[in-house]
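Fold and geometry: a report
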Amino acid sequence: MLHQKIAKLVNEQVNKELYSAYLYLDFANHYADAGLDGFAHWYEIQAQEERDHAMMMRRYLIDNGVRVQFEAIEKPDKKYADNAAPLAAGYEHEQYVTSLINTIYGEAFALKDFKTMQFLDWFIKEQGEEEKNAEDMVRKMQLFGGDAKGLYALNAELAARVYAPSATGPAM
Ligand code: FEO
């Protein structure tokens, strides 16, 4: 049985991950509207990954006897001044998500909940990768997004992203 503090935090994180999916779909909407289908595609896949994260956490709660409770998912209401803005917002958002995962990890550590710590290890590593990807996107846009040819090439590169379900996932 999970400590109720941990159950509550992981349950809240399910909602945050679903919000992340919603936010990234909103980025995709912006890029689809701007005619940058590669950027839109990249964020559609990112949204799928976020949904996967939510599902992994939901499964962890269920497998530990917790009744999962869904709350309303916040509306993504950011305004994007240009095509670089969602990338910066994405990097900021991933740093925020890392802080949330770290908070749960810290609570699990304090409660000697080694099972949840092991479960979260996958997410700690994943957040490292997600932050790096988000920062790379910001950098690439700064370097190459300033002229039409560079933006075209970057859009084509992002269009090639392939969705790969997290086959390994966290330890349950
Ligand atoms: Fe589920 Fe992008 O962190």
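Notes on the structure in this doc start here. (Residues numbered from 1 in each chain as written. Predicted model: local features only at pLDDT ≥ 70, side-chain atom pairs only at ≥ 80, totals over all residues. Heavy atoms only, no water.)

**Observations regarding the packing of helix α2 (residues 37–63) against helix α3 (residues 85–110)**
Packed helices, taken two at a time, are described by their axes: the angle between them and the distance between them. For the pair α2 and α3, interaxial distance at closest approach is 13 Å and the crossing angle is 15 degrees. Between α2 and α3, the interaxial angle falls into the category roughly parallel. Helix-helix and strand crossings are classified by hand; for α2 and α3 the assignment is left-handed. Across the interface between the two elements, F39, Y43, Q46, E50 and M57 of α2 pack against P86, L87, E94 and I101 of α3. Here the residues of the contact of α2 with α3 are counted per class, giving six nonpolar, one polar and two charged. (Axes fitted to C-alpha atoms, helices over the stretch in contact; angles between N-to-C directions. Helix = DSSP H or I, 4+ residues; strand = E, 2+ residues; numbered from the N terminus. Parallel < 35°, antiparallel > 145°, perpendicular 65-115°, else oblique. Left-handed = near helix turned anticlockwise from the far one by under 90°. Contact = heavy atoms within 4.5 Å. Nonpolar A, V, L, I, M, F, W, Y, C, P; charged D, E, K, R; others polar.)

**So, the environment of F114**
The residue F114 is located in helix α4 (residues 114–144) in this model. Considered as a pair, F114 and Y163 are 49 residues apart in the sequence and their alpha carbons are 31 Å apart.

**Comments concerning the nonpolar core**
Among the nonpolar cores identified, the biggest contains 22 residues, and F27, Y31, F39, Y43 and L87 are the most heavily contacted of them. Within the residue set of this core, elements represented by two or more residues are α1 (4–34), α2, α3, α4 and α5 (148–159). Counting residues per element, this core draws most heavily on α1, which supplies seven residues. Sequence-distant contacts of F27, defined by excluding residues within four places in its chain, comprise Y43, Y80, P86, A89 and G90. If you look at the next biggest cluster of nonpolar residues, it comprises 21 residues, including M56, M57, L61 and F119. (Core = buried A, V, L, I, M, F, W, Y, C linked by side-chain atoms within 4.5 Å. Buried < 20%, exposed > 50% of the residue type's maximum accessible area, 1.4 Å probe, protein only.)

**Some points on the packing of aromatic side chains**
This structure, assessed with the given rule, holds ten aromatic pairs. Consider the rings of Y60 and F119, whose centres lie 3.9 Å apart with planes at 10 degrees: the pair is stacked. Of this pair, Y60 sits in helix α2 while F119 is found in helix α4, placing the two residues 59 residues apart along the sequence. This pair shows no difference in class: Y60 is buried, exactly as F119 is. Feature note: the residues Y24, F27, Y31, F39, W42, Y43 and Y80 constitute an aromatic cluster, connected by ring pairs. The residue whose ring lies beneath R161 is W42, and the NZ or CZ to ring-centre distance is 4.2 Å. (Phe/Tyr/Trp six-rings, centres within 6.5 Å; stacked < 30°, edge-to-face > 60°. Lys NZ or Arg CZ within 6 Å of the ring centre and 35° of its normal.)

**Points about the pattern of salt bridges**
Two side chains of opposite charge can pair, provided their charged atoms sit close to one another. Taken as a whole and assessed by the stated rule, the structure comprises seven salt bridges. For E129, the salt bridge is made with K125, and the minimal N-O distance between the two is 3.4 Å. In this pair, E129 and K125 both sit in helix α4, four residues apart, roughly one turn of the helix. As a salt-bridge pair, K140 and E157 come within 2.5 Å of each other at their nearest N and O atoms. One end of the pair, K140, is in helix α4; the other, E157, is in helix α5, with 17 residues separating them in the sequence. (Salt bridge = Lys/Arg side-chain N within 4 Å of Asp/Glu carboxyl O.)

**Thoughts on unusual backbone geometry**
The residue K112 is not glycine, and still its phi comes out positive at about 55 degrees. On the secondary structure map, K112 appears in the loop between α3 and α4. Taking relative accessible area as the criterion, K112 reaches 62% and is therefore assigned exposed.

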